[in-house]
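Structure at a glance
Read off the chains here:
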Amino acid sequence: MPPKTQPIDPLASENHETLLRLHEELLRVRHAELALAERYKQQEMRTPTHFGVGQEAVAVGVCAALEKTDVAYSHHRSHNHFLAKGGSVYRLAAELFGRETGCSRGRGGSVHLTDLSCGFVASSAILGEAMSAATGSALAFRLGNEKRIATAFFGDAVAEEGAFYECLSYAALKKLPVLYVCENNGYATESPLSIRQPAGADISGRVASFGVRTIKAEGNDVLAVLTAAREAVAYLRTEGTPVFLECATYRWLEHVGPFYDHELGRTYRTEQEVAGWQDKCPVIKSRAAILEAGAADEATLDKMQTDIQAVIQADIEKAYGDPWPDPQQLFDNIY
Ligand SMILES: Cc1ncc(C[n+]2csc(CCOP(=O)(O)OP(=O)(O)O)c2C)c(N)n1
């Protein structure tokens, strides 16, 4: 068993570079999602889109602990994971616009992203599929004696799917190097956990009963997620058996689409509840940690943000100007 990973001390100067790198990545993911959500309102992206604003620290913290050769799968809310694993904003935007230059050549849309060059294999809107596919990849790594890890990102509703339990049981039995990352945002579409699972239900507790190692992390704290993910990865590389990482976090926007729920008059959760979680914003938290540590000053962080926003806008406009797929190829690769 590897030694327990020490929490990252933000005040220690040797960690300042890590703090800044993580913050940069959080900003890239956050502002890509915000810019895409804004552009989505013009109704030129004809793909159902589940934005991950508010949940960025999970994707960024976990992917920072992985190697490029490790693979990742995700669910319907996959942009954060695609970007954090190394996917480009330009190819994501082109995919949402349905352009030939999109990461899935404009055929997949928001819920079918892929970029093998950075190890992001696939996303799928079918709940439980990311877990199943990652378990399969981990089996291939085990059989091929490859020291790689397969990661699956998914939400708390997957714990209500049969595939969830089949994967845990199989991965534990076969000792597979798979990292399951549950983003527990408390909701499945508009249903809170309290009406979906018995009172006091503990997802990680159930997972542990399969003999799978579980770790919980504060999902809006990128340093806490990175610490937990490093611990999981160290365990996976030495023991080679599955780890389940549960991160509490919160989605800011509606389940699918670019608006806040209150803008649409939806009442399944209150504006105050959303605002309470916005106070725990992962980007603000990361910025505060950097300032407190003296790793950078306000002006440097402001410039970092405006530079990133400018690159994102340029990427989105470039993607918009790209060509559509050739209609002659409409039925290619369909079987
Ligand atoms: C097998 C299956 N059942 C139902 C659905 C419909 N569905 C789409 S998203 C969703 C809720 C997902 O919630 P969660 O997994 O917690 O992720 P979140 O949307 O909160 O990020 C449901 C029920 C589906 N896509 N697949």
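The following refers to the structure shown.

Parameters at a glance
- Residues numbered from 1 in each chain as written.
- Predicted model: local features only at pLDDT ≥ 70, side-chain atom pairs only at ≥ 80, totals over all residues.
- Heavy atoms only, no water.
- Salt bridge = Lys/Arg side-chain N within 4 Å of Asp/Glu carboxyl O.
- Buried < 20%, exposed > 50% of the residue type's maximum accessible area, 1.4 Å probe, protein only.
- Near = heavy atom within 4 Å.
- Polar contact = N/O pair within 3.5 Å; in protein donor to acceptor, adjacent residues only side chain to side chain.
- Areas by Shrake-Rupley, 256 points an atom, 1.4 Å probe, with all protein chains shown as cover.
- Nonpolar A, V, L, I, M, F, W, Y, C, P; charged D, E, K, R; others polar.
- 1 Å grid on protein atoms, 1.4 Å probe; cavity = no way out; pocket = protein on both sides within 12 Å on 5 of 7 lines; lining within 4 Å.
- Points joined across faces, edges and corners; volume = space filled by probe spheres on them.
- Helix = DSSP H or I, 4+ residues; strand = E, 2+ residues; numbered from the N terminus.
- Phe/Tyr/Trp six-rings, centres within 6.5 Å; stacked < 30°, edge-to-face > 60°.
- Lys NZ or Arg CZ within 6 Å of the ring centre and 35° of its normal.
- Expected span 1.5 Å × (residues − 1).
- Arc of directions from axis to C-beta.
- Pairing = 2+ DSSP bridges.
- Axes fitted to C-alpha atoms, helices over the stretch in contact; angles between N-to-C directions.
- Contact = heavy atoms within 4.5 Å.
- Core = buried A, V, L, I, M, F, W, Y, C linked by side-chain atoms within 4.5 Å.

Under the definition given, this model contains 20 salt bridges. Across the pair Arg 107 and Glu 100 runs a salt bridge, and its minimum N-O distance is 2.7 Å. Residue Arg 107 is classed as partly exposed on the basis of its relative accessible area of 41%. Under the relative-accessibility criterion, Glu 100 is labelled partly exposed at 23%.

We now examine the site of the ligand. As a structural note, the neighbourhood of the ligand is formed by 15 residues, with His 76, Arg 77, Ala 125, Asn 185 and Tyr 187 the closest of them. For the ligand, an oxygen atom lies 2.8 Å from a polar atom in the side chain of Arg 77. Take Ala 125: an N or O atom from its main chain is 2.8 Å from a nitrogen atom of the ligand. Its free accessible area being 590 Å², the ligand has 74% of it covered by the protein chains. Classifying every residue of the shell around the ligand by side-chain character gives 6 nonpolar, 6 polar and 3 charged.

Let us look at the layout of surface pockets. Think of a ball as big as a water molecule: rolled over the atoms, this probe shows where empty space is left. As a volume, the largest pocket reaches approximately 310 Å³. Lining the largest pocket are 16 residues; nearest its centre among them are Glu 25, Cys 63, Ala 64, Ala 84 and Lys 85. Among the elements of the structure, α1 (16-40), α2 (56-65) and α3 (79-84) are those that each provide at least two residues to the lining of the largest pocket. Residue contributions to the lining of the largest pocket peak at 5 residues, all from α1. Considered class by class, the residues forming the lining of the largest pocket number 8 nonpolar, 1 polar and 7 charged.

It is worth spelling out the packing of aromatic side chains at this point. One pair of aromatic rings is described through two measures. These are the centre distance and the angle between the planes. One pass over the structure, following the stated rule, counts 11 aromatic pairs. Where Phe 164 meets Tyr 165, the ring centres are 4.9 Å apart and the plane angle is 75°; that geometry is what we call edge-to-face. On the basis of relative accessibility, which here comes to 1%, the residue Phe 164 falls in the buried class. Each ring, one from Phe 164 and one from Phe 244, has its centre 5.9 Å from the other, and the planes form 90°; the classification is edge-to-face. Placement of Phe 164 in helix α6 (residues 162-174) and of Phe 244 in strand β8 (residues 243-248) is noted, with a sequence separation of 80 residues between them. Here the two residues Phe 164 and Phe 244 agree in accessibility, since each one is buried. Aromatic rings pair up to connect Phe 154, Phe 164, Tyr 165, Phe 210 and Phe 244 into one cluster. The residue whose ring lies beneath Arg 269 is Tyr 187, and the NZ or CZ to ring-centre distance is 5.7 Å. The ring of Trp 277 has Lys 280 lying over it, and the distance from NZ or CZ to the ring centre is 3.8 Å.

Attention now goes to helix α10 (residues 282-293). At 3.6 residues per turn, the α-helix brings residues three or four places apart onto the same side. Helix length check: α10 (12 residues) gives 16 Å between terminal C-alpha atoms against 16 Å at 1.5 Å per residue, within 8%. Buried residues of α10: Pro 282, Val 283, Ser 286, Arg 287, Ala 289, Ile 290 and Ala 293, and no others. In a view along the axis of α10, the buried residues occupy a sector of 160°, so they form one face of it. Turned more than 90 degrees off the buried face of α10, the exposed positions are Ile 284 and Glu 292.

It is worth spelling out the sheet that holds strand β4 (residues 178-184) at this point. Spatially, 6 strands are ordered β2-β1-β3-β4-β8-β7 in an open sheet, and the strand pairing comes out parallel. One side of each edge strand has no neighbouring strand; the edge strands of this open sheet are β2 (120-123) and β7 (213-218). Put simply, the sheet's adjacent strands are angled 20° from each other on average, direction ignored. Pairing analysis gives 6 bridges linking β4 to β8, with the strands arranged parallel. Residue pairing for β8: Tyr 180 is matched across the bridge by Phe 244. Contacts between helix α8 (residues 222-239) and the sheet are confined to β4, β7 and β8, with β7 contributing the most and set at about 165° to the helix.

Side chains that are nonpolar tend, in soluble globular proteins, to be buried together. Core analysis: the biggest nonpolar cluster contains 76 residues, and Leu 36, Val 62, Leu 179 and Leu 245 have the highest contact counts within it. The element that contributes the greatest number of residues to this core is α1, accounting for 11 residues. For Leu 36, the contacting residues outside a window of four places in its chain are Met 45, Phe 51, Leu 92, Ala 93, Leu 96 and Ile 316. Counting 24 residues, the second-largest nonpolar core is a separate cluster that includes Met 131, Ala 150, Phe 164 and Val 207.

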